[in-house]
Amino acid sequence: MPTIAADPYPFAFEPTACALLIIDMQRDFLEPGGFGAALGNDVAQLRRAIGPNVRLLAAWRAAGLPVLHTREGHPPDLGDLPPSKHTRAPEGGLRIGDAGPMGRILVQGEPGHALIPELAPRPGETVIDKPGKGAFYATALDACLRELGVRQLVVTGVTTEICVQSTVREANDRGYDCLVPSDCTASYFPHFHTAALAMIAAQGGILGWVTHSDHLLPALESL
Ligand code: TIU
């Protein structure tokens, strides 16, 4: 069984029980003119995770291991959008459901809701639509992973301290071992990125393990 160098200690990678879970690499978060930019954020901070995700995804596909993608968003009637999530936005800025430069913000089917073309899912890869920050809340993700026999997750995507960390926390509570490659995740706020990764690996790996894709790629290539 390959071992991956990680914090707080090496991760015992079980390829037959491990899936790649790519969180919310959507145009609304990563492209200029999307939701993230409308909130005043610098999307360049997130875009640095694209290249490392492209390389990891290619290696993961070549190894024939399961890939799941998530998208944060809501149906056009915003039926699963809690008022609390709708109203809590920077004053005067765009809100979920409003018309933005890439269609209605975070609404399913709109251009901005789509995954970025660099990481477009392939047929056979699962895409989970999620209304919340964590990918397990109000989705079939847990059932899907159990069906696949998955016990370990490599979690990547954006943003480190919001949807990635929420998902790692939810997965950890459900008994999954999570490994997060630091270069494959990103935040609009670099200090939050650093802190969120530190929180995952702290206290003996209280939420999971943190690595770099440079440690993961050779293990995939050796399969
Ligand atoms: N996917 C995700 O992290 N959703 C967010 O809204 N993140 C922010 O950092 N705003």
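See the structure above.
Peer 1: Could you clarify how one ought to interpret the site of the ligand in this entry?
Peer 2: In the region of the ligand, the neighbouring residues are Asp-24, Phe-29, Glu-72, Lys-133, Val-158, Thr-159, Ile-162 and Cys-163. At a separation of 3.1 Å, a nitrogen atom of the ligand approaches a polar backbone atom of Val-158. Note that an oxygen atom of the ligand is positioned 2.9 Å from one of the side-chain N or O atoms of Thr-159. When isolated, the ligand has an accessible area of 280 Å², and the protein chains bury 89% of it.

Peer 1: It is not clear to me how the packing of helix α4 (residues 50-63) against helix α9 (residues 213-221) should be interpreted in this structure. Could you clarify?
Peer 2: Geometrically, a packed helix pair is captured by the angle between its two axes and the distance between the axes. Two elements in contact, α4 and α9, have axes separated by 9 Å at closest approach and are oriented at 20°. Taken together, the axes of α4 and α9 lie roughly parallel to each other. The crossing of α4 and α9 is left-handed. Judged by residue contacts, Arg-55, Leu-56, Ala-59, Trp-60 and Ala-63 of α4 engage Leu-216, Leu-217 and Leu-220 from α9.

Peer 1: What exactly am I supposed to notice about the state of the cysteines here?
Peer 2: One way to say it: the disulfide is the covalent bond shared by the sulfur atoms of two cysteines. All chains considered together, the criterion is met by zero disulfides. With no disulfide partner, Cys-178 has as its closest neighbouring cysteine sulfur the one in Cys-18, 9.2 Å distant.

Peer 1: Could you clarify how one ought to interpret helix α8 (residues 190-205) in this entry?
Peer 2: Structurally, the α-helix is built with 3.6 residues per turn, so residues lying three or four positions apart point the same way. End to end, α8 covers 21 Å across 16 residues, agreeing with the expected 22 Å (1.5 Å per residue, within 8%). In α8, a bend of some 30° at Ala-198 exceeds every other bend along the element. Here α8 has its buried residues at His-193, Ala-196, Leu-197, Ile-200, Ala-201 and Gly-205. Packing partners of the buried residues in α8 comprise α7 (160-173), β9 (177-181), β10 (185-186) and β11 (209-211).

Peer 1: Sorry if this is basic, but what is going on with α7 here?
Peer 2: The first and last C-alpha atoms of α7 sit 18 Å apart over 14 residues, in line with the 20 Å expected at 1.5 Å per residue. By the burial criterion, the buried members of α7 are Thr-160, Glu-161, Cys-163, Val-164, Gln-165, Thr-167, Val-168, Glu-170 and Ala-171. Once α7 ends, the next one or two residues include Gly-175, with phi positive near 95°.

Peer 1: Honestly, the pairing of strand β3 (residues 18-23) in this entry has me stumped. Any pointers?
Peer 2: Each regular strand displays side chains that alternate between the two surfaces of the sheet. Burial analysis of β3 places six of its six residues in the buried class, which makes it a mostly covered element. Neither face of β3 is exposed, since Cys-18, Leu-20 and Ile-22 on one face and Ala-19, Leu-21 and Ile-23 on the opposite face are all buried. As judged from the three bridges shared by β3 and strand β4 (residues 67-72), these two strands associate in the parallel manner. Pairing of Leu-21 across the sheet is with Leu-68, part of β4.

Peer 1: In this structure, what is going on with the nonpolar core? I would like to understand it.
Peer 2: Within soluble globular proteins, side chains that are nonpolar generally end up buried alongside one another. The biggest cluster of nonpolar side chains holds 40 residues, and the ones touching the most others in it are Phe-13, Met-25, Leu-56, Trp-60, Val-154, Leu-179 and Leu-220. Going through the elements one at a time, β3, α1 (27-30), α4, β8 (152-158) and α9 are the ones with two or more residues in this core. Per-element accounting of this core gives the leading share, five residues, to α4. In contact with Leu-220, other than residues within four places in its own chain, are Phe-13, Leu-56, Ala-59, Trp-60, Ala-63 and Leu-65.

Rules used in this analysis
- Residues numbered from 1 in each chain as written.
- Predicted model: local features only at pLDDT ≥ 70, side-chain atom pairs only at ≥ 80, totals over all residues.
- Heavy atoms only, no water.
- Near = heavy atom within 4 Å.
- Polar contact = N/O pair within 3.5 Å; in protein donor to acceptor, adjacent residues only side chain to side chain.
- Areas by Shrake-Rupley, 256 points an atom, 1.4 Å probe, with all protein chains shown as cover.
- Axes fitted to C-alpha atoms, helices over the stretch in contact; angles between N-to-C directions.
- Helix = DSSP H or I, 4+ residues; strand = E, 2+ residues; numbered from the N terminus.
- Parallel < 35°, antiparallel > 145°, perpendicular 65-115°, else oblique.
- Left-handed = near helix turned anticlockwise from the far one by under 90°.
- Contact = heavy atoms within 4.5 Å.
- Disulfide = S-S within 2.5 Å.
- Expected span 1.5 Å × (residues − 1).
- Bend = angle between axes of the 7 residues up to and from the residue.
- Buried < 20%, exposed > 50% of the residue type's maximum accessible area, 1.4 Å probe, protein only.
- Pairing = 2+ DSSP bridges.
- Core = buried A, V, L, I, M, F, W, Y, C linked by side-chain atoms within 4.5 Å.

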